[in-house]
Amino acid sequence: MLLILLGVLILHLIILILLIVSTAASAWSVGGDRSTDLWYSCMTTNGGYHCKPASNEDWIQAVQALMILSLLFCFFSLIAFLYQLFRLVKGGRFFFTAIFQILASLFVMCGAIIYTVMCPDDGSGVQFGYAYVLAWVAFPLCLISGLIYIVLRKKE
Amino acid sequence: MLTFLALASVVLLGIVPEQSQAIVIYTGWERHALVGSDIRLSCSFFSWRWTSEDVTFSWTYRPDGSRDSISIFHYTGGAAYVDNKGPFRDRLEFVGNPSRRDGSILIKNLEFSDNGTFTCDAKNPPDIVGRPSSVRLLVFEKVPIQAGVITGAIIGVVLGLLVLIVVIYYLMRFLVARRVFSLSVSKHGKKKKEGSQQRQIKV
């Protein structure tokens, strides 16, 4: 029982770390010496490493908002989990935790989808960076974690 | 004591090396404006010397994508000379105050061809060594959304909805609990009466 609890908690923490890295790192699109989105657009020219703020188009701001929201909801679900762990009635289910976690996974999914559809396709060798991959990895993990919380029950 | 301080400050100002006496010119970095509107390009300077009567301001304009600059404004000898032949004829106005070290100009009725870099150069004789400062003008059809407005709006709305849902949930629980509470009081009262009747019979 303790093992399951520990496993679920570690999974949650891993998801939280993935979301933090994916949201904070500005590496959703990389290409050669350029690395852009979500927050900065950095380039390594012959002079050095220059960063300017990413373009403030509507869809980038939407992706920013969705990633931040998913991070917040994952964090809320962690707090709800810890709270419900000590305060839930015996045999009860972790509904609040599950709801927040599933909402977080939905937000990550929406953010990643919007970015995939709207990212500019210059054709100049621009590929998806590691932050984008982490977002797509975090989405199914978050969903699975939420479903586990639905099934999980507090020990009698 | 006071005279000593005054003397010391005068001496120190005299000793201050020539390099730090360079004039420093301030303009904005970038200006955004709608086509057809007016824009005020500000230019001011910092100089260790008092503002002299021979202070000069001059603005030059370099269109986007061009290498040549054209001079569009010059203030010298107490008089302002605005562009009367170039791209800004009849659209340029001097709105600065040279005695207050302000050499700002006003460009009216912006067009798309006004996109470019405006450079302000001010001289305050004998303090003439300094770098001109440039401000980039961007003319839009409609002002683009500022960074972070939509982000903040989406986050605010979702968090607000969350708070609302939580409040409604607890309110419903509280209301239902009150109704149930009032019901159980009447039931409890009836039970008590029955219990006391039974006891009396037994006795």
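In the annotation of an unreviewed UniProt entry, the entry for chain B reads Myelin protein P0 isoform X3, and the organism field reads Lates calcarifer. The Sequence similarities (unreviewed entry) field of the UniProt record for chain B holds the comment "Belongs to the myelin P0 protein family." The UniProt entry for chain B carries the following text under Subcellular location (unreviewed entry): "Membrane".

Labelled according to an unreviewed UniProt entry, chain A appears under the name Peripheral myelin protein 22, originating from Lates calcarifer. Its UniProt record gives chain A a comment under Subcellular location (unreviewed entry), which states: "Membrane". In its Sequence similarities (unreviewed entry) section, the UniProt record describing chain A reads: "Belongs to the PMP-22/EMP/MP20 family."

Student: Talk me through the overall build of chain A; I want residue IDs and the actual numbers.
Tutor: Looking only at helices and strands, one finds 4 helices and 5 strands in chain A. The order of α-helices and β-strands along chain A, N terminus first, is α-β-β-β-β-α-α-β-α. For chain A, with 156 residues in total, the buried portion stands at 44%. Split by element, the accessible area of chain A, about 8200 Å² in all, is 73% carbon and sulfur.

Student: Which residues make up the UniProt feature "transmembrane region" (unreviewed entry) in chain A, and what values do they have?
Tutor: Mapped onto this numbering, the UniProt entry gives "transmembrane region" (unreviewed entry) at residues 62-83, 95-118 and 130-152 of chain A. The span residues 95-118 of chain A is 100% helix and 0% strand, and its two end C-alpha atoms sit 34 Å from each other.

Student: Describe the UniProt feature "transmembrane region" (unreviewed entry) in chain B, and please don't skip the residues or the numbers.
Tutor: With numbering aligned to this structure, UniProt lists the feature "transmembrane region" (unreviewed entry) at residues 145-171 of chain B. Note that residues 145-171 of chain B is 85% helix and 0% strand, and that its end C-alpha atoms are spaced 38 Å apart.

About the criteria used
Residues numbered from 1 in each chain as written. Chains lettered and ligands numbered in written order. Predicted model: local features only at pLDDT ≥ 70, side-chain atom pairs only at ≥ 80, totals over all residues. Heavy atoms only, no water. UniProt positions renumbered as here; feature names shortened; annotations may be inferred. Helix = DSSP H or I, 4+ residues; strand = E, 2+ residues; numbered from the N terminus. Buried < 20%, exposed > 50% of the residue type's maximum accessible area, 1.4 Å probe, protein only. Areas by Shrake-Rupley, 256 points an atom, 1.4 Å probe, with all protein chains shown as cover.

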